[in-house]
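Examination of the molecular architecture
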Amino acid sequence: MDHPKKYFSKKILTNKGELIIEGPVESALLETYVFHENLTSFRPPKQQHKAVVEIASLSEARIIIARCENTIVGYVTYLYPDPLERWSQTTLENLIELGAIEVIPEFRGFSVAKNMLMISMMDDAMEDYIIITTEYYWHWDLKGTGLSVWDYRKMMEKMMNAGGLIQFATDDPEICSHPANCLMVRIGKRVTTEDIQAFDALRFLQRYMY
Ligand SMILES: CC(=O)SCCNC(=O)CCNC(=O)[C@H](O)C(C)(C)COP(=O)(O)OP(=O)(O)OC[C@H]1O[C@@H](n2cnc3c(N)ncnc32)[C@H](O)[C@@H]1OP(=O)(O)O
C-alpha cells in the first residue's frame, strides 16, 4: 500500500501567543526544531524528540505538530501499531494507530489538540485508513490536570471526536481491565466492507468464549 501525504497548516491564536498547527511534517525538518522541555508525558523530551523524528521517516507514519516559532509545543503521532499489541496481528495494511498526543501544559485548553486532530484528517488519504487509538487511564496526566479519571476520559472523548474517532467495543484484556479505558476508532470513507469485517474480528479475538 502506498501512503501518499498532503501537508496542511493553520494558525491559531491563544492568549500565550500564536501557534502554527501543521503536518505531516518531514523527519529532517522535525529534527531542526526545538522540542519543548515540558513535553514529558511519554518519555524525557530528548528521547521523545528522537522518537518523533524516527517515526516521521517511516513510510506509513505521520507527525502533526503545534509550533511556536521554531519550538514544538504539541504533537500527535500516527504509525502502524506496536508489534507487541494485538492491533498489529493483522494483514490490514490500512490500520494505523494514533500512538501519542501531547500538548505542553502552558498551551492546554486552547483547542490545540483538537486542531491537531482536525489538521490530521484534512488529508483525503486518511479516508483509506482505519485509525485506532487505545486509551489507558494510566497514561493520563491526572495529577497535573487535577481531573478525575472520568473527567479526563470525557476530555479525551471530546478531543478524539474532533478527529472523527469514536468509541468502539473490544474484548482486549488491557482495555477491559478498567472501565475508563477504551478503544477509539475512525473508519475512513473508502475502507472496504472486508477490511471492516477483518477489523471487527481483531476487536473480538475471544468471541468463541460466548
Ligand atoms: C493516545 C494517547 O496519547 S492517550 C494520552 C493523551 N495524552 C496525555 O494525556 C498527555 C497529557 N495531556 C495533554 O497533553 C493534553 O491535556 C491533551 C493532549 C490530552 C489535551 O490537549 P489540549 O490542547 O488541552 O486539548 P483541547 O484544548 O483541544 O481540549 C479538548 C477538549 O477537552 C476539554 N479540556 C481540555 N482541558 C481540560 C481540562 N483541564 N478540564 C476539562 N476539560 C478540558 C476542552 O474544553 C475540549 O472540549 P470542548 O470541545 O468541549 O471545548
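Residues numbered from 1 in each chain as written. Predicted model: local features only at pLDDT ≥ 70, side-chain atom pairs only at ≥ 80, totals over all residues. Heavy atoms only, no water.

Per an unreviewed UniProt entry, the chain goes by the name Acetoin utilization protein AcuA and belongs to Gottfriedia solisilvae.

**Looking at the side chain of Arg-67**
What counts here: Here a helix means four or more residues in a row that DSSP labels H or I, a strand means two or more in a row labelled E, and each is numbered from the N terminus. Note on classification: 1.4 Å probe, protein chains only; a residue is buried when its accessible area is under 20% of the maximum for its type, exposed when over 50%, partly exposed between these limits. Throughout this description, a polar contact denotes any pair of N or O atoms lying within 3.5 Å of each other; where both atoms belong to protein, one of them has to be capable of donating a hydrogen while the other can accept it, and for residues adjacent in sequence the pair is counted only when both atoms sit in side chains.
Along the chain, the position of Arg-67 falls in strand 4 (residues 62-68). Judged by relative accessible area, Arg-67 falls into the buried class, the value being 14%. Here the side chain of Arg-67 touches Glu-22 through a polar contact of 2.7 Å, side chain to side chain. Here Tyr-33 takes part through its side chain, which lies 3.4 Å from a polar atom of the side chain of Arg-67.

**Some words on the site of the ligand**
Selection criterion: Any residue with at least one heavy atom within 4 Å of a molecule or strand is counted as near it. What sets the accessible areas is the Shrake-Rupley method with a 1.4 Å probe; for residues, cover comes only from the shown protein chains. Grid points spaced at 1 Å over the protein atoms alone were grouped into cavities, where a 1.4 Å probe fits but cannot get out, and pockets, open sets with protein on both sides within 12 Å along at least five of seven lines, with lining residues defined by an atom within 4 Å of a point. More than half of a molecule's atoms lying within 2 Å of a cavity's or pocket's grid points is what places that molecule inside it. Under this grouping Gly is polar, as are all residues other than the nonpolar Ala, Val, Leu, Ile, Met, Phe, Trp, Tyr, Cys and Pro and the charged Asp, Glu, Lys and Arg.
Around the ligand, the surrounding shell holds 24 residues, and the nearest of these are Val-103, Gly-109, Ser-111, Lys-114 and Tyr-152. Within the side chain of Tyr-152, one N or O atom sits 2.5 Å away from an oxygen atom of the ligand. Considered on its own, the ligand offers 990 Å² of accessible surface; in the complex 81% of this is hidden by protein. Most atoms of the ligand, that is more than half of them, are within 2 Å of grid points of the largest pocket. Only strand 6 (95-103), helix 3 (112-120), strand 7 (130-135) and helix 5 (149-161) provide two or more residues apiece to the shell around the ligand. When its residues are assigned to classes, the shell around the ligand shows 13 nonpolar, five polar and six charged.

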